[in-house]
There are 2 protein chains.
Amino acid sequence: MIRLDASDAGFDRAFADLVNARREADADVARDVATIIASVRDQGDAALAAFTSKFDRHELDQSGWRIEKSDLVAALGGLSDELRGALTLARDRIRAYHEKQRPADSDAIDDAGVRLGARWRGVDAAGMYVPGGRAAYPSSVLMNAVPAKVAGVERLVMVTPTPDGKVNALVLAAAELAGVDEVWRIGGAQAIAALAFGTDRIAPVDMICGPGNAWVAEAKRQLYGVVGIDMVAGPSEIVVVADGANDPAWIAADLLSQSEHDPTSQSILLTSDAGFADAVTAEVDAQIGTLATRDVARAAWDANGAIIVVPTLEEAMPLVNRLAPEHLELAVADPEPLFDLVRHAGSVFLGRNTPEAVGDYVAGPNHVLPTGRRARFASGLSVLDFMKRTSFLSLSDEGLAAIGPAAVALADAEGLPAHARSVAMRLSTQSGSQS
Amino acid sequence: MIRLDASDAGFDRAFADLVNARREADADVARDVATIIASVRDQGDAALAAFTSKFDRHELDQSGWRIEKSDLVAALGGLSDELRGALTLARDRIRAYHEKQRPADSDAIDDAGVRLGARWRGVDAAGMYVPGGRAAYPSSVLMNAVPAKVAGVERLVMVTPTPDGKVNALVLAAAELAGVDEVWRIGGAQAIAALAFGTDRIAPVDMICGPGNAWVAEAKRQLYGVVGIDMVAGPSEIVVVADGANDPAWIAADLLSQSEHDPTSQSILLTSDAGFADAVTAEVDAQIGTLATRDVARAAWDANGAIIVVPTLEEAMPLVNRLAPEHLELAVADPEPLFDLVRHAGSVFLGRNTPEAVGDYVAGPNHVLPTGRRARFASGLSVLDFMKRTSFLSLSDEGLAAIGPAAVALADAEGLPAHARSVAMRLSTQSGSQS
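Residues numbered from 1 in each chain as written. Chains lettered and ligands numbered in written order. Predicted model: local features only at pLDDT ≥ 70, side-chain atom pairs only at ≥ 80, totals over all residues. Heavy atoms only, no water.

Asker: Report on the sheet that holds strand S5 (residues 155-159) of chain B, specifying residues and quantitative values.
Answerer: The strands that make up a sheet are held in pairs by hydrogen bonds between backbone atoms, and each pair lies either parallel or antiparallel. Residues and elements named next belong to chain B. Reading across from one edge, S6-S5-S4-S7-S8 is the order of the five strands in this open sheet, with parallel pairing throughout. Edge positions in the sheet fall to strand S6 (182-184) and strand S8 (228-229), since each has one partner strand and no second. Where strand S4 (residues 125-129) lies against strand S7 (residues 207-209), three bridges are found, and the strand directions are parallel. Along S7, the bridge assignment pairs methionine 128 with cysteine 209. (Pairing = 2+ DSSP bridges. Helix = DSSP H or I, 4+ residues; strand = E, 2+ residues; numbered from the N terminus.)

Okay, structure coming up:
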């Protein structure tokens, strides 16, 4: 953890280092991923079996390539009533929020007599990556699958590694609740390549969503364009803006709720109260040892934690915008004036009573959010990511007469005579029929 | 040009080859681009000056790095009244269409007492690539710049190569009409890298749009994630679905209006009338020699043109969806039944009277559209590409009590105790204050 004071000499330099610190994939990962992608493209299922044997330590021909619908149903049935209820509440609230994102089609005739419109359609097939191991979260299954189904995706294909052949019952239960159509026991960059190109067993998809490690993220980046992808995702991060009237224990827990995700996660507190900064530091140290996730949380907090003391919270907001954080808590009594100063953030949690973790699970907005300063240009996952828009137009004789001559003039000016001719021929026939 | 008949043996194989034919960048381009990007990242303006000297044959320190506002104003003033009028009509119609794309913010309290919403904001700064040479189109300046300005982008930066130091007055006039804020005389992959990373002279941007050659497209693909990009764009393409009642000369002109863009452009006719296919073939051959663009059009038509005879036009539509074309004309008297069968297309032109070229210039919808089968998952350029959405939420005591326990249960199940604690602490204080 580093502590900075905005009034210190050298602050600008230290803050710029914090903003620009890279916690993402390096060139070695890119090379490895390119090799894996080429293998799957060229050798298909044989490459999948070999990589799965190597990385996940089981043989697909023995353990089975797919997880069947009956296994999903059994996993959901095996949950405690409390957990099934919590997952169902989460699913229903996520669905309700995302249903409002469904875009409207348009179709209208304008003043010039030109009919213009747009039709939205879901992609035919979407792939969803679900990590194995530490980051196997049923909440992420819901956050990715529910928007796909709201978008109208007919074939939603889940891929997930099953290390040593072991499946994760919680993840399977969430897949059943969310309406996943196919599940394959493959992971890593090889699973992303299989979804993008297809293999003999696995039909290709049109877009791929879902979180993953650096290899998965790099595979999505390299295959962007062959398929659509949700986003390039990096380590998770939170920025908390808090005054001294907060309970330091609450704020410490909020910071640790990011740090416990992964050693590369980042938690940053911005406060106007140096004494509160001391109290939160002490609380983090006190709480961290009690967590079952203490090793990860300690590594992340030590390496990537930061506490920054600012003269006023208003003056914190330009720093927040430079960080463009994935998650932003505004833990003050009246957050609205600060919120109005936010230009870049994935999701904002308003007031002392709104811990970021409720957004991870049950609030309704998506928890798949832009990381690594990408909130400058990117948004959280939405129904729109699983849809595409087809524009259309139709010209009446009147519409062609109104706008056709300008098209001919511009095509001539651009040196594109066939463009001009395709319009001019129709215009001349029209004037002929009027004579 | 190849001619296929859907009733021939071997059609499926031949059509699959057509769908999968690659007309895009190869590994050599990717390597060259990676080298250029690294140079600009490490050496900034010095690399820009060196690449410009090498590829564009002028010295930026002598010719000037920027094109000034006064030059844009002069270029616009120097156009003929007809051309300025045509560009202005196009600008106004594009703006009117795109203003309807501006998304609405949301902010509401749901039944559980949870306040949920989303705010849309334009990116701070956008970069726009404008090619030099053959593909320097003022219409593309309008199609990229107008949506950015409608989105509220405050700093719109145009980069364009000026080979041998020569500027393109039409492009500068369009930039002035569209409200471009800065223009730099740089091009190629080096210009994309400069926009993404920034240099001493050029401040970085948040997203990059605009068409370019294979090097520019590959640079955008490699830098996706560092900045936002509009899309990965490949060669342009058109599919025309036409019955035998069309004028073959019109349809030939429509096919040639794609072929004349670039030797890699693709034009495909699907018709149910073999005699009409013969007539269009003859018309293409008759018209092509009369075009000033004949060399390009001939090369593209010979290499990538196709005419496919199908039993009925309804049976053409599954083939259209496999091609997922950038542009689709439905040249029949009643296009609606066919249009209802379209699943994947960038833009659709309905009826005999609607040549694709009107959409390139003045209709209003964007002419920047997904190519290379990407209409399966991608949409044309829109105002949304220049904006991002920040979701937000706020919990009342009632809201926390309603959904907090489910969040605690899910966090525990996922093995994330700090997540659970950050919610549970607030829940326990709440029940304390109620006792």
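Let's pick the thread back up.
Asker: Can you break down helix H9 (residues 188-197) of chain A residue by residue, with the values?
Answerer: Residues and elements named next belong to chain A. Of all 10 residues in H9, nine are buried; the element is thus mostly enclosed. When we look at burial in H9, the residues that qualify are Gly188, Ala189, Gln190, Ala191, Ile192, Ala193, Ala194, Leu195 and Ala196. Of the surrounding secondary structure, the elements contacted by the buried residues of H9 are helix H2 (27-43), helix H3 (45-56), strand S4 (125-129), strand S5 (155-159), strand S7 (207-209) and helix H10 (214-223). (Buried < 20%, exposed > 50% of the residue type's maximum accessible area, 1.4 Å probe, protein only. Contact = heavy atoms within 4.5 Å.)

Asker: Run through the interface of chain A and chain B, naming residues and quoting values.
Answerer: Every contact between the two is made by 120 residues of chain A and, on the other side, 120 residues of chain B. When chain A packs against chain B, close to 10,100 Å² is buried across both sides, 56% of that on carbon and sulfur atoms. The interface formed by chain A and chain B holds 14 salt bridges in total. Of the charged contacts, one joins arginine 119 of chain B and aspartate 340 of chain A as a salt bridge, the two residues approaching to 3.2 Å between their closest N and O atoms. Our count for the chain A to chain B interface comes out at 75 residue pairs in polar contact (both at pLDDT 80 or more). Per element, the largest residue contribution to the side of chain A that touches chain B is 10 residues, and it comes from helix H17 (residues 397-413) of chain A. (Buried area = accessible area lost by both parts, 1.4 Å probe. Salt bridge = Lys/Arg side-chain N within 4 Å of Asp/Glu carboxyl O. Polar contact = N/O pair within 3.5 Å; in protein donor to acceptor, adjacent residues only side chain to side chain.)

Asker: Explain the sheet that holds strand S2 (residues 106-109) of chain A to me, and be specific about the residues and the numbers.
Answerer: The strand order across the open sheet formed by nine strands is S2(A)-S3(A)-S14(A)-S13(B)-S12(B)-S9(B)-S10(B)-S11(B)-S1(B), and the pairing between neighbours is mixed. If you trace the sheet from one side to the other, it starts and ends with S2 of chain A together with strand S1 (2-5) of chain B, each paired once. Strand-to-strand twist in this sheet, taken as the mean axis angle between neighbours without regard to direction, amounts to 15 degrees. Pairing geometry for strand S9 (residues 237-242) of chain B and strand S10 (residues 266-271) of chain B, over six bridges, is parallel. Looking at S10 of chain B, one finds that glutamate 237 of chain B is bridged to glutamine 266 of chain B. (Axes fitted to C-alpha atoms, helices over the stretch in contact; angles between N-to-C directions.)

Asker: So, the packing of helix H6 (residues 81-99) of chain A against helix H17 (residues 397-413) of chain B: which residues are in play, and what are the values?
Answerer: Between H6 of chain A and H17 of chain B, the shortest axis-to-axis distance is 9 Å and the interhelical angle comes to 115 degrees. As for the relative orientation of H6 of chain A and H17 of chain B, their crossing is left-handed in sense. Counting all contacts with H6 of chain A, which are made through Glu82, Leu83, Ala86, Leu87, Leu89, Ala90 and Arg93 of chain A, the residues of H17 of chain B involved are Ala402, Ile403, Ala406, Ala409, Leu410 and Ala413 of chain B. Looking at side-chain class alone, the contact of H6 of chain A with H17 of chain B contains 11 nonpolar, no polar and two charged residues. (Left-handed = near helix turned anticlockwise from the far one by under 90°. Nonpolar A, V, L, I, M, F, W, Y, C, P; charged D, E, K, R; others polar.)

Asker: Would you mind going over the environment of valine 114 of chain A in detail, with residue names and values included?
Answerer: Mapped onto the fold, valine 114 of chain A is located in strand S3 (residues 114-122). Sequence spacing of valine 114 of chain A and leucine 395 of chain A is 281 residues, and the spatial spacing of their C-alpha atoms is 5.2 Å. Not counting the four nearest positions on each side in its chain, valine 114 of chain A is found in contact with Ala108, Ile109, Ser394, Leu395, Gly399 and Ile403 of chain A together with Arg93 of chain B.

Asker: I'd like a rundown of the packing of aromatic side chains, residues and numbers included.
Answerer: Counted according to the given criterion, the structure contains seven aromatic pairs over all chains. Here the aromatic rings of phenylalanine 11 of chain A and phenylalanine 15 of chain A are separated by 5.7 Å at their centres, their planes lie at 25 degrees, and the arrangement is stacked. With phenylalanine 11 of chain A and phenylalanine 15 of chain A both in helix H1 (residues 11-20) and four residues apart, this pair spans about one turn of that helix. As far as burial versus exposure is concerned, phenylalanine 11 of chain A and phenylalanine 15 of chain A are alike and both buried. Between arginine 66 of chain A and the ring centre of tryptophan 184 of chain A, over which it is positioned, the NZ or CZ distance is 5.1 Å. Its end group placed over the ring of phenylalanine 392 of chain B, arginine 119 of chain B keeps NZ or CZ at 5.9 Å from the ring centre. (Phe/Tyr/Trp six-rings, centres within 6.5 Å; stacked < 30°, edge-to-face > 60°. Lys NZ or Arg CZ within 6 Å of the ring centre and 35° of its normal.)

Asker: Quick rundown of the pairing of S4 of chain B? Include the residues and the values.
Answerer: Residues and elements named next belong to chain B. By the criterion of burial, S4 is predominantly enclosed, with five of the five residues buried. Because side chains alternate across S4, one face comprises the buried residues Ala125, Gly127 and Tyr129, and the other comprises Ala126 and Met128, equally buried. Examined bridge by bridge, S4 and S5 share five bridges and lie parallel to one another. Bridge pairing links methionine 128 to methionine 158 in S5.

Asker: Can you tell me about the domain arrangement of chain A, naming the residues and giving the values?
Answerer: Residues and elements named next belong to chain A. Here the domain parsing of chain A yields domain 1 (2-24 + 234-364), domain 2 (27-106 + 121-232) and domain 3 (396-434). The C-alpha-based centres of domain 1 and domain 2 are spaced at 31 Å. Across the boundary between the two partners, domain 1 contributes 11 residues, which contact 10 residues of domain 2. It is Tyr361, Val362 and Gly364 that lose the most area in domain 1 upon contact with domain 2, and together they represent 52% of the buried surface on that side. The tally of links between domain 1 and domain 2 comes to zero salt bridges. (Domains from an automatic or database assignment.)

Asker: Please give an account of the UniProt feature "binding site: Zn(2+)" (unreviewed entry) in chain A that cites residues and values.
Answerer: Sites flagged by UniProt as "binding site: Zn(2+)" (unreviewed entry) map to Gln258, His261, Asp360 and His419 of chain A. Sequence-wise these annotated residues cover 162 residues; spatially they are dispersed, their C-alpha atoms as much as 55.8 Å apart. Relative to the elements of secondary structure, aspartate 360 of chain A occurs in helix H16 (residues 356-361). Non-local contacts of aspartate 360 of chain A, meaning those with residues more than four positions away in its chain, are made with Ser139, Met143, His261, His327 and His367 of chain A together with His419 of chain B. With respect to the helices and strands, histidine 419 of chain A occurs in helix H18 (residues 417-434). Sequence-distant contacts of histidine 419 of chain A, that is, excluding residues within four places in its chain, are made with Ala411 of chain A together with Ser257, Glu260, His261, Ala357, Asp360 and Tyr361 of chain B. (UniProt positions renumbered as here; feature names shortened; annotations may be inferred.)

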